[in-house]
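Each chain, letter by letter, is given below.
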Amino acid sequence: MSDLEEEPSALTVFGAAESGQIPTGAAEQQAALSHPLRSPCVAPGMRIAALSLGSGHGVWLTADGQLFSFGINDSGQCGIPSAPLVNTPTRIESLETISILHVAVGGSHTAAVSSDGQLITFGASDFGQCGHGDGGALDVRRPRVVRELPVVANVACGESHTLVLDLSAQVHACGQGRYGALGLDALDNRSVPTVLRGLATAPIRQVSAGERHSVALTFAGDVFSWGWAGAGALGLPRGEQGAVAVPRPVAALRGRAIVELEAGGAHTIARLEGGGVVAFGRGTSGELGSGRTADSHTPIDVALPAGAHAVRLSAGHSHSLALLDNGTVVAWGANLCGQIGRGD
């Protein structure tokens, strides 16, 4: 998810579009957009504060705290009843009286944080990723508040898990446990957000959820990772394989002054205080940005344009993006569906 300028917004989109997961305004969806397109779906004068995209649906948050969703809605992940596909961005009417501050999109679920610190979720909850407890519906088709949580500061969604950061800098997790992405020292699913005891002594500044792994950044600048360690996604030594079910410090990043983390499909990118970027994990599609197509278990430098400094990052399944301090966006990695907007 990225914060955008507080002025009337223009939205440029590219990548896979067969399910309406990017708002093109077309009557019939294209399979993919290989070149950037200025979306006609943003109303004149509208200010988009944040945008979050998943594999089949997306949500944007306006500056006045309203949510608009689009794309596949087969599990209710768009928050709009009785519409299996939402072709154009549509306001989520059931949330019109609630001011939203943050939003995150997972594989088939969505989570939002209200201005009063409540967590609201909807969509697929087959692994408990919506956090409403055992015995709840497998699909949460209308937005619902997650009960018995402290005041929530932010939220991140993976493919089938959710990470919740509360106002006291503690992390809670729910959803699929099979790959260790919950960090709860077990591989079972959790249907209610549960505190990560492994991070209890490290106040957390930011969390990010990949498809099957998770990362966290402390206020001291240290990085922790957990979940599926395949291809080096956790930045841990090569001996770490399979599911890592407790948060582990990424020693190779200690002292690197990390200020932002983003977890992708099976890779992680991190922004340094000076605007440099490092990456680790799967690199077979070039998503690490080093100029090579190889995995890396240790952080390697991303080859940004000469003199460029990153100010925001985003990571997808097999591609990565950075917003630079001159206002331009650079992208690298897989481009099969045009997701880096280069048309080749």
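Note that this is a predicted model, so its numbers are computed, not measured.

S.K.: Describe the sheet that holds strand β12 (residues 152–157), listing the residues and the values that go with them.
M.R.: In space, the four strands of this open sheet follow the order β12-β13-β14-β15, with antiparallel pairing throughout. Among the strands making up the open sheet, the edge pair consists of β12 and β15 (190–195). Shown here is a sheet whose adjacent strand axes are inclined to one another by a mean of 15 degrees, direction ignored. As judged from the five bridges shared by strand β13 (residues 161–166) and strand β14 (residues 171–175), these two strands associate in the antiparallel manner. Within the sheet, the bridge partner assigned to T162 lies in β14 and is C174.

S.K.: I'd like to hear about the nonpolar core, residue by residue, with values.
M.R.: The biggest cluster of nonpolar side chains holds 16 residues, and the ones touching the most others in it are L163, V171, L196, L199, I204, V207 and W226. Sorting the residues of this core by element identifies β13, β14, β16 (204–209) and β18 (223–228) as the ones contributing at least two each. Here this core gets three residues from one element, more than from any other, and that element is β16. Apart from residues no more than four positions distant in its own chain, L199 is found in contact with Q170, V171, I204, A216, F224, W226 and P247. Core analysis: the second largest hydrophobic core is formed by 15 residues, A279, L304, A308 and L313 among them.

S.K.: Give me the lowdown on the pattern of salt bridges, citing residues and values where you can.
M.R.: On inspection of all chains with the given rule, the structure shows eight salt bridges. Where R141 meets D139, a salt bridge forms, and the shortest distance between an N and an O atom there is 3.5 Å. Take R141: its relative accessible area is 41%, and that puts it in the partly exposed class. Judged by its relative accessible area of 28%, D139 falls in the partly exposed class. Connected through salt bridges with shared partners, the residues E260, R271 and R312 form a single ionic network.

Rules used throughout
Residues numbered from 1 in each chain as written. Predicted model: local features only at pLDDT ≥ 70, side-chain atom pairs only at ≥ 80, totals over all residues. Heavy atoms only, no water. Pairing = 2+ DSSP bridges. Helix = DSSP H or I, 4+ residues; strand = E, 2+ residues; numbered from the N terminus. Axes fitted to C-alpha atoms, helices over the stretch in contact; angles between N-to-C directions. Core = buried A, V, L, I, M, F, W, Y, C linked by side-chain atoms within 4.5 Å. Buried < 20%, exposed > 50% of the residue type's maximum accessible area, 1.4 Å probe, protein only. Contact = heavy atoms within 4.5 Å. Salt bridge = Lys/Arg side-chain N within 4 Å of Asp/Glu carboxyl O.

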